[in-house]
2 protein chains.
Amino acid sequence: MPDTGLELRSLISKSGTLELSLAKVAVPEPADDQVVIKVEATPINPSDLGLLLGPADMSSAKVSGSGDGVKVTAPVPPSTLTMLAARLDQSMPVGNEGAGTVVKAGASPAAQALLGKTVSTVGGAMYAQYRLRKASDCMPLPAGTTAAEGASWFVNPLTALGMTETMKREGHKALVHTAAASNLGQMLNKICLKDGIPLVNIVRSPEQAKLLRGIGAKYVVDSSTPGFHDDLVNALVETGATIAFDAIGGGKLASQILTAMEIAINKSAKEYSRYGSSIHKQVYIYGGLNTAPIELTRNYGQAWGVGGWLLTPFLQKIGREGQGPLRQRVVNELKTTFASHYTKTISLSEVLDPRNIAVYNKRATGEKFLINPNKA
Amino acid sequence: MPDTGLELRSLISKSGTLELSLAKVAVPEPADDQVVIKVEATPINPSDLGLLLGPADMSSAKVSGSGDGVKVTAPVPPSTLTMLAARLDQSMPVGNEGAGTVVKAGASPAAQALLGKTVSTVGGAMYAQYRLRKASDCMPLPAGTTAAEGASWFVNPLTALGMTETMKREGHKALVHTAAASNLGQMLNKICLKDGIPLVNIVRSPEQAKLLRGIGAKYVVDSSTPGFHDDLVNALVETGATIAFDAIGGGKLASQILTAMEIAINKSAKEYSRYGSSIHKQVYIYGGLNTAPIELTRNYGQAWGVGGWLLTPFLQKIGREGQGPLRQRVVNELKTTFASHYTKTISLSEVLDPRNIAVYNKRATGEKFLINPNKA
């Protein structure tokens, strides 16, 4: 085993420059309750890009050096620096989740039991060749499951389950999902089909609609067609969905969904309410595919809400007890419901290749990269 | 006592015309547990205007007839009719709250006890000369309190108390209020001063700022000045307010408030969070002074929410038990904390005078009309 390993770092300077580089760091010695994972698979999720690239203008990125000494720099708009105050001039490791082989283990029985095993973990800094973790923070993968198959075990599966769970906990009986042909969206369809939850999928092209119908989706509406609004209202009347999870954020879509929900509710209303229907309509925004402002045209009464939704606060809210069954379900259905599909597997230095950045930074539906930090 | 009384009616036809008129209706006979109130004071609140005028274009209003036979008609934009489906072609009585003298009472002791008393009530159809109510829905005013003093006992006082109550129940320690020099805003200042709650008042002119400072407001920021953003951030740092109640709705203000809250929170943050601060920031929109779309520029992480807030659902949520102390406080402080000020007292037919409509429909800060349906 080598003494050092590479770790991807993102730094935004006070003067407004993003710098991506690979740091050479010592392979750590585990304490009694710790293990060292040789990371073999870690995905690039949209939720990683905020830390990795920040608000930098990647179309103006410059590359210097080569191999492990490669560096990418790009300008960060000065207006955004205030919001980044707490990370400025700090070299930040990146990567939410991943999987690999336990190559060193501390003296405790729990740590020793993991030696040689393929495990998944979550907690940042996974874009690295070696990662030190507590044994209790590692999830051993079932026999026959590869690191690549277990790499995306956390963010997407728990986000999708978090959506149906939030739906139930907040008293709704069906849900709407946008950018619905994404990896996450396909997972959500599998969950909803399995659990009998009506799901209205909003997609942006006929190809995406076809893809979802192919995996059994019943309600698919295409926002690129002229009949979008009416199709959406009809699907909402049929399903009774009053909560939506929106990956797009900017523009008018959130407002259009609330309007369609209100119309669908009023179609079955018996009495006029001067303030609109009293049934609460909610759109949670969990992504930012469109970073333009959200535009809300309020023609849906007063019983509405729009807000941010994020996995971590949701998990904190439901606590260890609420999380247990969700995590167990992911492990049980890792090769079926929660299978991820990747376009390409790249090395750490390839993460810094502008041609790759241009692809994964598009956050395009269906494009998903997996990093193997130990790829030769 | 006459056999009939006048009652103001609002009707929107399927063909898209608003018609305001005065109906002549029989003065009802009370059942055992009912009373008849001769209504002497009932305010025109912004919350009444939605039912009274709907989305009609009042600049194109036409008047016909005169005296009690007066009729006002105005066009309603066809695009809004879908939302109004449940009220179309129905003659709707109007008026949320009011006060007057009990002139008839049913046989029950509770009803008889109210005979001759000045009482306040809430529940719609108050823009009428006589109103039938259950005795238990009437609140006798303390001796020496006039109908005019007790007319606005419900909507504004409970809305203002609902704001500080919501703030507490949702775990915030200070609040922001917009259009803060309104009748309601002045009440809120009195409540917050009395209860020691830090309140950030956002106003739209130096005159309004002066008015609020005159009644003891400590934090007043004026959105018409170039220093607005910085002043707001400073006030949020000092108060720690993370919830706002916004009467304006349309435009960028809600988003500006969330941005300023995030900056204020980050000023004291010790660690960078890639998703922005984890402290939830909330803007509740309870009015629509600006009916333009709300524009949300998300530079405040994921822990945020924007939504409608309305008195009735809030009261339902806290239940009778939660409401008791709030209602009692209003009665106790009717001439102090909860005193309302009116620009003008008008008759029912004067409500239909286009010159008056032009004034009360502006919803201008400081302009508030009181109706005396029995005004000679």
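Cut-off values and rules
Residues numbered from 1 in each chain as written. Chains lettered and ligands numbered in written order. Predicted model: local features only at pLDDT ≥ 70, side-chain atom pairs only at ≥ 80, totals over all residues. Heavy atoms only, no water. Helix = DSSP H or I, 4+ residues; strand = E, 2+ residues; numbered from the N terminus. Contact = heavy atoms within 4.5 Å. Buried area = accessible area lost by both parts, 1.4 Å probe. Salt bridge = Lys/Arg side-chain N within 4 Å of Asp/Glu carboxyl O. Nonpolar A, V, L, I, M, F, W, Y, C, P; charged D, E, K, R; others polar. Pairing = 2+ DSSP bridges. Phe/Tyr/Trp six-rings, centres within 6.5 Å; stacked < 30°, edge-to-face > 60°. Buried < 20%, exposed > 50% of the residue type's maximum accessible area, 1.4 Å probe, protein only. Axes fitted to C-alpha atoms, helices over the stretch in contact; angles between N-to-C directions. Least-squares fit on C-alpha atoms with pLDDT ≥ 70 in both. pLDDT = per-residue confidence, 0-100. Core = buried A, V, L, I, M, F, W, Y, C linked by side-chain atoms within 4.5 Å.

### Observations concerning the side chain of T159 of chain A
Right, so step 1: Looking at where T159 of chain A falls in the secondary structure, it is placed in helix α4 (residues 155–169).
Right, so step 2: Not counting the four nearest positions on each side in its chain, T159 of chain A is found in contact with F154, L184, W309 and L311 of chain A.

### Structural notes on the interface of chain A and chain B
Right, so step 1: At the junction of the two partners, chain A supplies 41 residues and chain B supplies 41 residues.
Right, so step 2: Both sides of the chain A and chain B interface together cover about 3,400 Å² of buried area, and 60% of this is carbon and sulfur.
Right, so step 3: Connecting chain A to chain B are zero salt bridges.
Right, so step 4: Elements supplying a minimum of two residues to the side of chain A that touches chain B: α1 (46–53), β15 (249–251), α8 (253–267), β17 (290–296) and β18 (304–308) of chain A.
Right, so step 5: It is β17 of chain A that provides the largest number of residues to the side of chain A that touches chain B, a total of seven residues.
Right, so step 6: Split into classes, the residues belonging to the side of chain A that touches chain B amount to 19 nonpolar, 16 polar and six charged.
Right, so step 7: Both β18 of chain A and strand β18 (residues 304–308) of chain B contribute to a ladder of three bridges, which runs antiparallel. If you follow G307 of chain A over to β18 of chain B, its bridge partner there is G305 of chain B.

### A few points about the packing of aromatic side chains
Right, so step 1: Scanning the entire structure with this criterion turns up 12 aromatic pairs over all chains.
Right, so step 2: Note on Y300 of chain A and W304 of chain A: the rings are 5.7 Å apart at their centroids and 75° apart in plane angle, and the pair reads as edge-to-face.
Right, so step 3: Y300 of chain A gets classed as buried once you look at its relative accessible area, which sits at 0%.
Right, so step 4: Ring geometry for W153 of chain B against F154 of chain B: centres 5.1 Å apart, planes inclined by 70°, an arrangement best described as edge-to-face. The pair W153 of chain B / F154 of chain B is uniform in exposure class, with both members buried.
Right, so step 5: Cluster of aromatic residues (ring-pair linked, three or more members): F245, Y284, W309 and F314 of chain A.

### So, the environment of A209 of chain A
All names here are of chain A.
Right, so step 1: Its location among the elements puts A209 in helix α6 (residues 206–214).
Right, so step 2: Considered as a pair, A209 and P93 are 116 residues apart in the sequence and their alpha carbons are 37 Å apart.
Right, so step 3: Setting aside residues up to four positions removed in sequence, A209 forms contacts with V203 and V220.

### Regarding the sheet that holds β17 of chain A
Right, so step 1: Spatially, four strands are ordered β15(A)-β17(A)-β17(B)-β15(B) in an open sheet, and the strand pairing comes out mixed. At either end of the open sheet lies a strand with only one pairing partner, and these are β15 of chain A together with β15 (249–251) of chain B. Averaged over all adjacent pairs, the angle separating strand axes in this sheet is 55°, with direction ignored.

### A closer look at the relation of the copies chain A and chain B
Right, so step 1: Taken as rigid bodies, chain A and chain B are interconverted by a rotation of 180° and an axial shift of 0.1 Å, the fit giving an RMSD of 0.1 Å. These values place the two chain copies in the arrangement generated by a two-fold rotation axis.
Right, so step 2: In this assembly the copies share their binding face: 100% of the residues contributing to the interface of chain A also contribute to that of chain B.

### Comments concerning the confidence of the model for chain A
Right, so step 1: Across chain A, the average pLDDT comes to 93, with 98% of residues at or above 70.
Right, so step 2: For this predicted complex, the interface confidence reaches an ipTM of 0.80, while the overall pTM sits at 0.82.

### Remarks on the nonpolar core
Right, so step 1: Residues L175 of chain A together with L175 of chain B are the most contacted members of the largest nonpolar core, which totals 138 residues.
Right, so step 2: Each residue touching L175 of chain A, except ones within four places of it in the same chain, is listed here: M163, M167, L188, C192, I197, P198, L199, V200, A241, I243 and F245 of chain A.

### Remarks on the sheet that holds strand β16 (residues 281–285) of chain B
Right, so step 1: Judged by pairing direction, the sheet is mixed, and its 12 strands sit side by side in the order β13(A)-β12(A)-β11(A)-β14(A)-β16(A)-β18(A)-β18(B)-β16(B)-β14(B)-β11(B)-β12(B)-β13(B) without closing on themselves. Each edge of the open sheet is held by one strand with a lone partner, namely β13 (219–222) of chain A together with β13 (219–222) of chain B. This sheet shows a mean twist of 15° between the axes of neighbouring strands, independent of strand direction.
Right, so step 2: Here four bridges tie strand β11 (residues 175–178) of chain B to strand β12 (residues 199–203) of chain B, and the two strands are oriented parallel to one another. If you follow L175 of chain B over to β12 of chain B, its bridge partner there is L199 of chain B.
Right, so step 3: Where helix α5 (residues 183–195) of chain B meets the sheet, its contacts fall on β11 and β12 of chain B, and the angle it forms with β11 of chain B comes to roughly 160°.

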